[in-house]
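Results of the structural survey
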Amino acid sequence: MMASTPKVGFVSLGCPKALVDSERILTQLRIDGYEIAPGYASADVVVVNTCGFIDSARAESLDAIGEALNENGRVIVTGCMGVDENEIRELHPAVLSVTGPQHYAQVVDAVHRHAPFDRGHDPFLDLVPPQGIKLTPKHYAYLKISEGCNNNCTFCIIPSMRGKLVSRPAGDVLAEAQRLVDAGVKELLVISQDTSAYGVDLRYKPDFWGGKPVKTNMTELCKALGTLGVWVRLHYVYPYPHVDELIPLMADGLVLPYLDIPLQHGSERILKLMKRPAAAENTLLRIRKWREICPDITLRSTFIVGFPGETDADFQQLLDFINAAQLDRVGCFQYSPVNGARANDLPDHMPAHIMAEREQIFMEAQADISRKRLQAKTGCTLQVLVDTSNEQGAIARSAADAPEIDGLVYVMDGQHLRAGDMIEVLIDHADQHDLHGRLSH
């Protein structure tokens, strides 16, 4: 018989959406009385939440499973790569259980089977905070508003892994947001596979929060979140026409003037091959209008170079696009064939050395744009949220900086500050990625 209170180790890989899945599983395990182990050695069983989006992520997931087996030996696998159970068991036949993403109950059941214990859970002794178990710092949290995706992008297999769009009722989302704020969260990062499509599957059905009706759509949800008095940051926002409704909310301060929009390319022909939603929209015109309404808006995006069939002319259109768009934050990825993606069947796949060359050209062009946009903030006073501090000062983020993917604001005289403090900083200078300044007195 195991010790009276088994411990569960946890490895969480992949995107913030997977991190939220991990938080849900951990919360239920704590409710059930399990303890969370700090490492492999003290764990009675280890859960590995995998990523399966691209081949490099799948390789990382398989390596993580192998490491957990070597270090502990009792491993439960879940997450996006879990839909390919045969591939996992072919390399790691000793895993105890394999499930796909969002199968929270099955994961918890597997833990109960392989790490049982005889003490009944006492909620008065095993306290779980109302906001649940969080893997992020206390001052920010991810707020997942839906699962799945209705798009059929040719380079992506997320719909086959996570299913079609399933939106959470607005009342549920807002109740969770309120619990997080009550627990001290200062920044809510709204995430999903396709944030702009929120509520489509529910036909924007009205729900209730605080005794008042709230429609389950993006605009109404943002208006309600904006009343909580914390930063609200929007991620994975596809440029559907109704996104224009969010810009005035940003100008009015209800949500942060920040849009994370995965545009993917600047060539109309490549966008059609990708089957990207809103590919026919005049994106550059809309960006200009957004900046007219909200001059402080920060625009982040990601792009793919080397998509099958991408010609020199297509790549030049991409370079022309980023030069015209003057985006603040940009990520670039070489096309990677994903097992099961329809783009694999397209002709004219590009040699690796050409993709690498194009990625370098693209990032050099964007680096110059980002540097100039950051330098324009020199002399400005910005509100920032402190992430940490040490003897050298504080490390914080402005409204333009999402955690872990964007830049930082270094506060040279912020040694006394604590995580979660909201302060004003006068910017002294900028480098390619970050800002540097001092407390504004």
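The structure this text deals with has already been given above.
Okay, so let's go over this structure. (Residues numbered from 1 in each chain as written. Predicted model: local features only at pLDDT ≥ 70, side-chain atom pairs only at ≥ 80, totals over all residues. Heavy atoms only, no water.)

1. Regarding the sheet that holds strand S17 (residues 393–398)
Taken together, five strands build a closed barrel; the order of strands is S16-S17-S18-S20-S19 and the barrel is mixed. On average, adjacent strands in this sheet sit at an angle of 50° to one another, irrespective of strand direction. In this sheet, strand S20 (residues 435–439) lies alongside strand S18 (residues 409–411) in parallel orientation, the contact comprising three bridges. For Val411, the partnering residue across the bridge sits in S20 and is Gly437. (Pairing = 2+ DSSP bridges. Helix = DSSP H or I, 4+ residues; strand = E, 2+ residues; numbered from the N terminus. Axes fitted to C-alpha atoms, helices over the stretch in contact; angles between N-to-C directions.)

2. Topic: the pairing of strand S19 (residues 422–430)
Where strand S16 (residues 381–390) and S19 come together, five bridges link them in antiparallel fashion. Bridge pairing in S19 links Gln383 to Glu424. When S19 meets S20, the two strands line up antiparallel, connected through five bridges. Bridge pairing in S20 links Leu426 to Arg438. Taken together, S19 and the strand that follows it, S20, pair antiparallel across an intervening segment of four residues.

3. A word on the pattern of salt bridges
Under the criterion given, the structure shown has 22 salt bridges. Asp244 is the salt-bridge partner of Arg286, the closest N and O atoms lying 2.9 Å from each other. Within this pair, whereas Arg286 is found in helix H10 (residues 283–293), its partner Asp244 is found in the loop between strand S12 (231–234) and helix H8 (246–251), the two being separated by 42 residues in sequence. With relative accessibility at 33%, the residue Asp244 sits in the partly exposed group. A salt bridge links Arg329 to Asp401, with the shortest nitrogen-to-oxygen separation between them at 2.3 Å. Highlighted residues: Arg329 in strand S15 (residues 329–334) and Asp401 in the loop between S17 and S18, separated in sequence by 72 residues. (Salt bridge = Lys/Arg side-chain N within 4 Å of Asp/Glu carboxyl O. Buried < 20%, exposed > 50% of the residue type's maximum accessible area, 1.4 Å probe, protein only.)

4. Considerations on the sheet that holds strand S3 (residues 45–50)
Overall, parallel pairing links the five strands, which are arranged S2-S1-S3-S4-S5 in an open sheet. This sheet does not close on itself; its edge strands, each paired only once, are strand S2 (35–36) and strand S5 (97–98). Strand direction decides the pairing type here: strand S4 (residues 75–79) and S5, joined by two bridges, are parallel. In the strand pairing of S5, Val77 is matched with Val98. On top of the sheet, helix H2 (residues 55–71) reaches strand S1 (7–12), S3 and S4; it is set at about 175° to S3, its chief contact. (Contact = heavy atoms within 4.5 Å.)

5. Some points on the environment of Ile158
Assignment of secondary structure puts Ile158 in helix H5 (residues 158–162). Between the C-alpha atom of Ile158 and that of Gly148, which follows or precedes it by 10 residues, the distance is 7.3 Å. Apart from residues lying up to four places away in sequence, Ile158 is in contact with Phe53, Gly163 and Gln193.

6. Quick word on the side chain of His92
Positionally, His92 belongs in the loop between helix H3 (85–91) and S5. Owing to a relative accessible area of 11%, His92 belongs among the buried residues under this scheme. Among the polar contacts made by the side chain of His92, one reaches the main-chain carbonyl oxygen of Leu62 at a distance of 2.9 Å. With residues up to four places along the chain from it excluded, the contact list for His92 reads Leu62, Ile65, Gly66 and Leu69. (Polar contact = N/O pair within 3.5 Å; in protein donor to acceptor, adjacent residues only side chain to side chain.)

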